[in-house]
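Below are the chains, spelled out letter by letter.
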Amino acid sequence: PPNAITDYLNSATPTQRRRDMTILSKESAAEFRKENYSARMAATGRPVSPHVTIYSFPVGALSSITNRVTGVMLSFGAAGLGAVELVGGSGAGVDLMSAIGGSGGGMAAGAQFA
């Protein structure tokens, strides 16, 4: 069954279907680079995308990001503790954790959640 696309393809010659290329001279390319993005979008009437700082992330995105960040931190912590245990021998990891826990301050508070 005929439709608009087949009618167009059958009626137009390949030369008529061709899309003209936009060719920029060196001068127009330099002028294009001088304009900033916001000015170009304002001139064309296109909206400018909002910056990420004003974007409100959904709860699902925030929980996903938090889960990934804490997972990476736990992985590095476990790898570090394993390296201490391998290098220092049996019990070196326990000694390190008790030294961190006994030092007090911010390091001990952070170690309690690791």
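Residues numbered from 1 in each chain as written. Predicted model: local features only at pLDDT ≥ 70, side-chain atom pairs only at ≥ 80, totals over all residues. Heavy atoms only, no water.

Chemist: So what's going on with the overall build of the chain? Residues and values would help.
Modeler: In terms of helices and strands, the chain carries seven helices and zero strands. Secondary structure elements of the chain, listed N to C terminal, follow the sequence α-α-α-α-α-α-α. Looking at the 114 residues of the chain, the share that counts as buried comes to 6%. With an accessible surface of roughly 9800 Å², the chain has 64% of that area assigned to carbon and sulfur atoms. (Helix = DSSP H or I, 4+ residues; strand = E, 2+ residues; numbered from the N terminus. Buried < 20%, exposed > 50% of the residue type's maximum accessible area, 1.4 Å probe, protein only. Areas by Shrake-Rupley, 256 points an atom, 1.4 Å probe, with all protein chains shown as cover.)

Chemist: Any details on helix 5 (residues 59-88)? Residues and values, ideally.
Modeler: Here helix 5 contains 30 residues, and its C-alpha end-to-end distance of 43 Å stays within 8% of the 44 Å for a straight helix at 1.5 Å per residue. Positive phi shows up at G89, right after helix 5, with a value of about 90°. (Expected span 1.5 Å × (residues − 1).)

Chemist: How would you summarise a nonpolar patch on the surface if you had to cite specific residues and measurements?
Modeler: On the surface, a cluster of nonpolar side chains totalling about 590 Å² of accessible area is made up of Y55, F57, L62, I65, V69 and M73. Counting through the fold element by element, F57 comes out in the loop between helix 4 (37-44) and helix 5. (Patch = residues over 30% accessible without salt bridge, like charges linked within 9 Å, V, L, I, M, F, W, Y side chains within 5 Å. Salt bridge = Lys/Arg side-chain N within 4 Å of Asp/Glu carboxyl O.)

Chemist: Just give me the short version of the environment of G82, but keep the residues and values in it.
Modeler: Turning to its location among the elements, G82 is positioned in helix 5. Along the sequence, G82 and G93 sit eleven residues apart, while their C-alpha atoms lie 7.5 Å from each other.

Chemist: Can you tell me about the confidence of the model for the chain, naming the residues and giving the values?
Modeler: Looking at the chain as a whole, the pLDDT averages 76, with 66% of positions reaching at least 70. When mean pLDDT is compared element by element in the chain, helix 5 scores highest at 93, while helix 2 (residues 14-17) scores lowest at 56. (pLDDT = per-residue confidence, 0-100.)

Chemist: Can you lay out the packing of helix 5 against helix 6 (residues 92-103) for me, pointing to particular residues and giving the numbers?
Modeler: Closest axis-to-axis distance for the helix 5/helix 6 pair is 7 Å, and the angle between their directions is 125°. Regarding the angle of helix 5 to helix 6, the classification is oblique. Taken together, the residues of helix 6 that come into contact with helix 5 (itself represented by L81, V84, E85 and G88) are A92, G93, V94, L96 and M97. Grouping the amino acids of the contact of helix 5 with helix 6 by side-chain chemistry returns six nonpolar, two polar and one charged. (Axes fitted to C-alpha atoms, helices over the stretch in contact; angles between N-to-C directions. Parallel < 35°, antiparallel > 145°, perpendicular 65-115°, else oblique. Contact = heavy atoms within 4.5 Å. Nonpolar A, V, L, I, M, F, W, Y, C, P; charged D, E, K, R; others polar.)

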